[in-house]
Amino acid sequence: MRSGIEPTTIEAKAPTEAFLLRRSQSVRAPVIFNSPHSGTLYPDHMVRNLSVPLSDLQRTEDAFIDELYQTAPDQGAVLMSATFARGFVDLNRDARELDASMFHDGLPRTAGMPSARVKAGLGCLPRVGASGRDIYRSQISRQDGADRLNDVHDRYHGALQTEIDHLKRVWADIFIIDCHSMPSRQPGRSNLPDIVLGDRFGSSCVARLTSAVERFFRREGHSVARNAPYAGGYTTRRYGRPRRGVHVLQIEINRSLYMNEMTVEKSPDFSLLQGQVERLITTALELAISENT
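Described below are features of the structure shown in this document. Residue numbers run consecutively from 1 along every chain, following the written order of its sequence. Restriction of local features to residues with pLDDT of at least 70 applies here, the model being predicted, together with a cutoff of 80 or more for giving and counting side-chain atom pairs; totals for whole chains, interfaces and linings are based on all residues. Side-chain measures here rest on the full set of heavy atoms in the structure, leaving out hydrogens and waters.

1. Here we look at the environment of Ile164
Our working definition: Only runs of H or I of at least four residues qualify as helices and only runs of E of at least two qualify as strands under DSSP, and these elements are numbered from the N terminus. Every residue pair with non-hydrogen atoms within 4.5 Å of one another is taken to be in contact.
Turning to its location among the elements, Ile164 is positioned in helix 6 (residues 142-168). In this structure, the C-alpha to C-alpha distance between Ile164 and Glu214, residues 50 residues apart in sequence, is 24 Å. Setting aside its immediate chain neighbours within four residues, Ile164 contacts Ile32, Ile174, Ile176, Tyr239 and Val246.

2. Let's talk about the sheet that holds strand 7 (residues 195-198)
This is how the line gets drawn: When DSSP finds at least two bridges between two strands, those strands are taken to pair. Interaxial angle, 0 to 180 degrees, is taken between N-to-C directions of lines fitted to C-alpha atoms, where a helix line uses only the stretch in contact.
Spatial ordering of the open sheet is given by 2-5-3-6-9-7-8, a layout of seven strands whose pairing is mixed. What marks the edges here is a single partner per strand, and that holds for strand 2 (19-23) and strand 8 (224-226). With strand direction ignored, the average angle separating the axes of adjacent strands in the sheet is 20°. The pairing of strand 7 with strand 8 spans three bridges and is parallel. The partner of Leu197 across the bridge, within strand 8, is Arg226.

3. A closer look at the packing of aromatic side chains
Stated precisely, the cut-off is as follows: Here the aromatic set is Phe, Tyr and Trp, taking the six-membered ring for Trp, and pairing holds for ring centres within 6.5 Å; pairs whose planes are under 30 degrees apart are stacked, those over 60 apart are edge-to-face, and all others are tilted. For the exposure calls, accessible area comes from a 1.4 Å probe over protein chains only, and a residue counts as buried if that area is under 20% of its type's maximum, exposed if over 50%, partly exposed in between.
Tallied over the full model, the rule gives six aromatic pairs. Note on Phe19 and Tyr156: the rings are 6.4 Å apart at their centroids and 85° apart in plane angle, and the pair reads as edge-to-face. Here Phe19, found in strand 2, pairs with Tyr156, found in helix 6; they are 137 residues apart in sequence, far enough to count as distant. Ring geometry for Phe64 and Phe270: centres 6.3 Å apart, planes at 80°, overall edge-to-face. Of this pair, Phe64 sits in the loop between helix 2 (54-58) and helix 3 (65-68) while Phe270 sits in helix 9 (residues 270-291); the two residues are 206 residues apart in sequence, bridging distant segments of the chain. Across this residue pair, the class does not change: Phe64 and Phe270 are buried. Here the aromatic residues Phe64, Tyr258 and Phe270 are joined through ring pairs into a cluster of three or more.

Listed below in structure tokens is the structure:
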């Protein structure tokens, strides 16, 4: 697992921030690269209640995605990434996407109408892992759920909004690249592309951004699809406001391009893809600058 290194667990009340934020002293272009699913921390109290191997949760992570984009701050952009694992709190879900059956003493906050994702066990606090089996031996408490939402989800999105507001004070248009990975196989789909771009069918960002990223990946030899099977999640929906100058594009990278999905280890092709992503970062920054001139 991850080259033989044991997964990281922490004590439940450890003072661990919900995110890592990196930027250069002088931001060259108004671009935020956001990686909400690359966190690897699992609080100890969660691990003690698991009914599945921890590896089942690790296979839901966007493993190494933050590393693929790690040169963004060096190039003059902002890089924000999760610290806690997606199996603990899914930062690309609305905090109201909650499954009442997970709690023995009631919901931690008001929930919305049960969505298809919640019914499938994939809400903001996931109920199932990669295998589709229930994660927990027993129901969790309302307080545990409230702590996860308050300390992780709310803090993460509060910090992301702060970065957006900071850039908007200087730049008319800013880009958020929401950085994800996807499994190479899905039920009912025989051939997934290398890259899926999600702009919520043109509503979350200016068309020039989606088109520029698509052209880039095609020049690099990759197959590219738009909005199928991923049109964009909570981040694109919440922040994508092109008319207000906030453009959000979700990029899903097929995991088979850079890792062994079963062992969660980098493949020999990792450095090749990392070089391509570094050039993508340059492309995005240049486009953001031109959008503001």
